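Structural characterization, general
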Amino acid sequence: MNQLNGIDFGTPKSESTELVALEIDGVSVSVPKGTSVMRASIESGINVPKLCATDSLESFGSCRLCMVEIEGRRGYPASCTTPAENGMKVRTQSPKLQSLRKGVMELYISDHPLDCLTCPTNGNCELQTMAGTVGLREVRYGYEGKNHLDLKKDESNPYFTYDASKCIVCNRCVRACEETQGTFALTISGRGFDSRVSSGQSKTFMESECVSCGSCVQACPTATLTEKSVITLGQAEHSVTTTCAYCGVGCSFNAEMKGGEVVRMVPNKNGGANHGHSCVKGRFAWGYATHKDRMLKPMIRSKITDPWKEVSWEEALTYAATEFRRIQGKFGKDSIGGITSSRCTNEEVYLTQKLIRAAFGNNNTDTCARVCHSPTGYGLKQTIGESAGTQTFDSVMKSDVIVVMGANPATGHPVFASQMKRRLRQGARLIVIDPRTTEMVKSPHIKADYHLKLRPGTNVAIVSALAHVIVTEGFLKEDYIAERCDEKSYKEWKEFVSRPDNSPEAMEEVTGVPADLIRGAARLYAKANNGAIYYGLGVTEHAQGSTTVMGIANLAMATGNVGREGVGINPLRGQNNVQGSCDMGSFPHELPGYRHVSDATTRTMFEDVWGVKLDPEPGLRIPNMFEAALDGTFKGLYCVGEDIVQSDPNTQHVSAALEAMECIVVQDIFLNETAKYAHVFLPGSSFLEKDGTFTNAERRISRVRKVMPPKAGKSDWETTQALSNALGYLMNYKHPSEIMDEIAALTPTFHSVSYERLDELESIQWPCNEQAPEGTPTMHIDQFVRGKGRFIITQYVATDEKVTRKFPLILTTGRILSQYNVGAQTRRTENNKFYSEDRLEIHPHDAEERNIKQDDWVGIESRSGQTVLRATITEKVQPGVVYTTFHFPESGANVITTDNSDWATNCPEYKVTAVQVMPVTQPSQWQKEFKQFDRLQQELLHASNALTQS
């Protein structure tokens, strides 16, 4: 347990409201029933020695160091496993206890290397501390007998070392892997003296099931499991609490520092979203922030075939502003626009959309949420009135039945997945709706009660069939519906889903899911006291993504599963600030707080503060920007922190659109794929180099704190402000807190949010205003935000992307645990050792038909293009379906995805692409051209560097 992470109370907190009174060392103490004697003591300021106990794990009682005396009881019970009781009188110190503890510690030390001065955990070692605490001054047992001092280290994991010679077999790492992470990768092998922690039968950590979450390292009280960064750099000397910049869980971390250098990232036990847990990305994959590929100088060029020229900040900003104004003068006000990033802070996103609306003078602003969760915003707004999830992550611990649809939290949101698995091990039931057999279907000690393995593209059919069962078999919560939902829309919906053509039997042919499984799943969810639905991009990234979101809301309202803990509609947001980028007004039709630009009252409020007239007409969405560029009417783009060339569908269409523009300004930390088409490059800053806030998938606003100066000289908000000033629209913020103050003043759901309030509460879930000054963990408690919940008919319409003889397979896409999004961050870390290329998963039947063997190169061709990947033959996918990830630019996964999109939001249909797969012997034509273009751009970059150095 690292000492910069606060007090360790030894055992978990009791949730009981009943108090018990006892006496500890003469001090009267009252604690909740179920509290251990150890915790009661430490909470009272009376420390008890311990080694196997830590407050993130259930009590174990193996080290025997925490023995106490209890009046009226024989022996010396372990305080960690002994619950406090009324009238109990406890002594934590006595000569006998001192002697016993010293003897226990002497046995530990007799088989432990005495290299404390050169040990990497010197100064932060619980074993070392406890030896001093119990007063150990000599070890009578020598090393002449059998010992473990010569055991070899396991250095296989890129991030930490396992030194078995220092293991005291306290079991904390094993328990952390089981209780906290839920992977069950570690065990104690051998018996008696031969007992040692093992990551599998004769397996190294890298060969085992270990997912490198770091929970074992965090739990270890000695130097047995130690971060390699600590071994290299030594112990940290101060700590700064900040928020992870990866997925939408929004884990809180303590960045442990040595001056301006990060020694390690340690999950914050007080983090509202993660409670001291982490995954491999947040815990270890932060090295990209100081990677040699970081771009630290502003650059400009006239054409993308010209060498880059390094210039001053002032010259770059002046050039960009002049070009934008030139284009507007020639092609009109609406000929330029911008894209905000879900990897930037709320404050930076707010400034970017403000620049576009106030300085550009139009509403041509969009964000990457367009290509992931825009259907969530639309669907939930239409049905329940707010474009966000209804619950906290902790709410899952009160769920009886959990539905996971179109999501694999184990890879996309791993820290939350661990919490969900913990609830499942406690007895909650699970329904998984997914075309693939993911880790959520079956993993150690959990198994889905129902896996509805549907055909990609048939989500609406499944949702309607589930609703049919709920309605026709009498599972509706009629009293809830009558009180809280719109009667007219409910009756229309009820009549629609009751039709025979929406029955599981009728939909079986469409979805490929047996009717009895659909009926069983519907009954299980509808009968639950608390039923919760969690969904991801497998719901939204479809032609009927918005329809499915509305269908999910229908199910929740029909069964009364909105408005309390343990239930709800829970979109699992993919990136760290997708929720925040939407909240901040990144969409072309909405100002911050999801208010339409056509609303005169809202617009006037912003105009008064911003000092400029705003356009009442919605601007261009990202796909519209591309089309307008190819039509010759959209010529300039300000792209902050997004790599649209790699992440958006139909890559060749995107690159053609960018080539048609005259001025593209990219603001990023790396020369990403989009930056290769840019004319101005403004170096960005990583999350370690800025102050601000992120908003996670549960609406939790958390502070991002600067731990080192911006390597390029400016944080992103400062760059955007400087560009706005160069354009002639003046901004004069001195700190991001001032930007948040403006956001709070203009956005009703943020009225009471401030940095001071965030520092006080650690995090806040919006709405946070006069009615909810400490935030709103659970929404829609008494009524829906829109008033009456609105049921919406969800007619299934087959996608236009259909399989044919030429393209007989369906490609769907997703993520892997160790890589993140387009991989710009994780590819520049040791995470590549876990996953170094995108691969195509194909079912054995489809592989055999095509004479494809494991690891063969295969060509994947669609109506949009062709690429080549290596094959993985697996039954995770069903026959007729193939699957890949999109983390590596050279893979070209989005070369083959199409322009099909959601009918309401234009969210791309990434999850359904008709393809053919065949063995090949060489890269695709696109991959050859990509390699050639990449080589050219690198040469142009290096030419700039050479020119600068000369």
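For the structure given in this document, a descriptive report is provided here.

When helices and strands are counted, the protein shows 29 helices and 37 strands. The C-alpha radius of gyration computed for the protein amounts to 29 Å, which stays within 12% of the reference 30 Å derived for 950 residues, consistent with globular compactness. Its C-alpha atoms give the protein principal-axis dimensions of roughly 90 × 80 × 65 Å. In the protein, buried positions account for 64% of the 950 residues. Restricting the contact set of the protein to residue pairs at least 6 apart, pairs at least 24 apart contribute 73%. Seen as two clouds, the 102 positive and the 112 negative side-chain charges of the protein have centres 3 Å apart.

All right, on to the sheet that holds strand 30 (residues 700-704) then. Within a sheet, adjacent strands bond to each other through the backbone by hydrogen bonds, running parallel or antiparallel. In space, the 3 strands of this open sheet follow the order 29-30-31, with antiparallel pairing throughout. Only two strands of the sheet have a single partner each, and these edge strands are strand 29 (692-695) and strand 31 (763-765). Shown here is a sheet whose adjacent strand axes are inclined to one another by a mean of 30°, direction ignored. Most of the contacts of helix 9 (residues 346-360) go to strand 29, to which it runs at about 95°, and overall it touches strand 29 and strand 30.

With that settled, the discussion passes to the sheet that holds strand 17 (residues 401-405). With parallel pairing, 5 strands are arranged side by side in an open sheet as 21-18-17-22-23. Only two strands of the sheet have a single neighbouring strand rather than two, namely strand 21 (450-452) and strand 23 (568-571). Taken pair by pair, the neighbouring strands of this sheet meet at an average axis angle of 15°, ignoring direction. Sheet topology places strand 18 (residues 429-433) next to strand 21; 3 bridges connect them, and they run parallel. Bridged to V432 within strand 21 is H451. The strands that helix 19 (residues 545-558) touches are strand 17, strand 22 (531-535) and strand 23; relative to strand 22, the one it contacts most, it runs at about 170°.

Another point: the state of the cysteines. Per the counting criterion, the structure on display carries 0 disulfides. C173 supplies the cysteine sulfur nearest to C170, a cysteine that is in no disulfide, at a spacing of 6.3 Å. Look at C170 and you get buried, because its relative accessible area is 7%. Cysteine C368 shares no disulfide, and the gap to the nearest cysteine sulfur, in C372, comes to 5.2 Å. Exposure remark for C368: the relative accessible area of 5% places this residue in the buried category.

This part takes up the environment of T243. Position of T243 relative to the elements: it lies in strand 10 (residues 238-243). Placed 452 residues apart in sequence, T243 and T695 show a C-alpha to C-alpha distance of 9.8 Å. Here the side chain of T243 touches R703 through a polar contact of 2.7 Å, landing on its backbone oxygen.

Let's shift gears to the packing of helix 10 (residues 374-383) against helix 19. Between helix 10 and helix 19, the least distance of the axes is 8 Å, while the angle of their chain directions is 40°. Between helix 10 and helix 19, the angle is such that the two are oblique. You can see that helix 10 and helix 19 cross each other, and the crossing is right-handed. Residue-level contacts link P375, T376, Y378, G379, L380, Q382 and T383 of helix 10 to G545, S546, V549, M550, A553 and M557 of helix 19. Of the residues belonging to the contact of helix 10 with helix 19, the class tally is 7 nonpolar, 6 polar and no charged.

What follows covers helix 22 (residues 622-631). Restricting attention to buried positions, one finds in helix 22 the residues I622, M625, F626, A628 and A629. Buried residues along helix 22 cover an arc of 165° about the axis, so they all sit on one side. At its buried positions, helix 22 is contacted by strand 15 (336-340), strand 16 (365-367), strand 26 (636-640), helix 23 (644-647) and helix 24 (651-659). Phi for G632, located one or two positions after helix 22, is positive at around 90°.

Moving on to the nonpolar core. Ranked by internal contacts, the top residues of the largest apolar core, which has 71 residues, are F160, L225, I402 and M420. For this core, the element with the highest residue contribution is helix 12 (residues 414-425), accounting for 5 residues. Ignoring sequence-local partners within four residues, the contact set of M420 consists of V396, I402, V404, M440 and Y534. Core analysis: the second largest hydrophobic core is formed by 59 residues, L682, A712, Y729 and M731 among them.

So, about a nonpolar patch on the surface. Residues L107, V139 and Y141 make up a contiguous nonpolar surface patch of roughly 260 Å² in combined accessible area. When you line up the elements, L107 lands in helix 2 (residues 95-109).

Residue placement: N502 occurs in the loop between helix 15 (487-497) and helix 16 (504-511). Owing to a relative accessible area of 3%, N502 belongs among the buried residues under this scheme. Leave out the neighbours within four places in its chain, and N502 touches S464, A465, H468, F496, V497 and M507.

Bringing the packing of aromatic side chains into the picture now. The final tally for this structure, using the stated rule, is 20 aromatic pairs. Note on F416 and Y534: the rings are 5.1 Å apart at their centroids and 40° apart in plane angle, and the pair reads as tilted. Within this pair, whereas F416 is found in helix 12, its partner Y534 is found in strand 22, the two being separated by 118 residues in sequence. Its relative accessible area of 1% is what places Y534 among the buried residues.

Further remarks concern the environment of A515. Here A515 is to be found in helix 17 (residues 515-527). A residue is classified by how much of its surface remains accessible, and A515, at 6% relative accessible area, is buried. Separated by 473 residues in the primary sequence, A515 and I42 place their C-alpha atoms 56 Å from one another. Discounting residues that sit within four places of it in the chain, A515 has contacts with P504, E505 and E508.

Reading guide: rules and limits
Residues numbered from 1 in each chain as written. Predicted model: local features only at pLDDT ≥ 70, side-chain atom pairs only at ≥ 80, totals over all residues. Heavy atoms only, no water. Helix = DSSP H or I, 4+ residues; strand = E, 2+ residues; numbered from the N terminus. Rg over C-alpha atoms; globule rule 2.2 N^0.38 Å. Buried < 20%, exposed > 50% of the residue type's maximum accessible area, 1.4 Å probe, protein only. Contact = heavy atoms within 4.5 Å. Lys, Arg positive; Asp, Glu negative; His and termini not counted. Charge placed at Lys NZ, Arg CZ, Asp CG, Glu CD. Pairing = 2+ DSSP bridges. Axes fitted to C-alpha atoms, helices over the stretch in contact; angles between N-to-C directions. Disulfide = S-S within 2.5 Å. Polar contact = N/O pair within 3.5 Å; in protein donor to acceptor, adjacent residues only side chain to side chain. Parallel < 35°, antiparallel > 145°, perpendicular 65-115°, else oblique. Left-handed = near helix turned anticlockwise from the far one by under 90°. Nonpolar A, V, L, I, M, F, W, Y, C, P; charged D, E, K, R; others polar. Arc of directions from axis to C-beta. Core = buried A, V, L, I, M, F, W, Y, C linked by side-chain atoms within 4.5 Å. Patch = residues over 30% accessible without salt bridge, like charges linked within 9 Å, V, L, I, M, F, W, Y side chains within 5 Å. Areas by Shrake-Rupley, 256 points an atom, 1.4 Å probe, with all protein chains shown as cover. Salt bridge = Lys/Arg side-chain N within 4 Å of Asp/Glu carboxyl O. Phe/Tyr/Trp six-rings, centres within 6.5 Å; stacked < 30°, edge-to-face > 60°.

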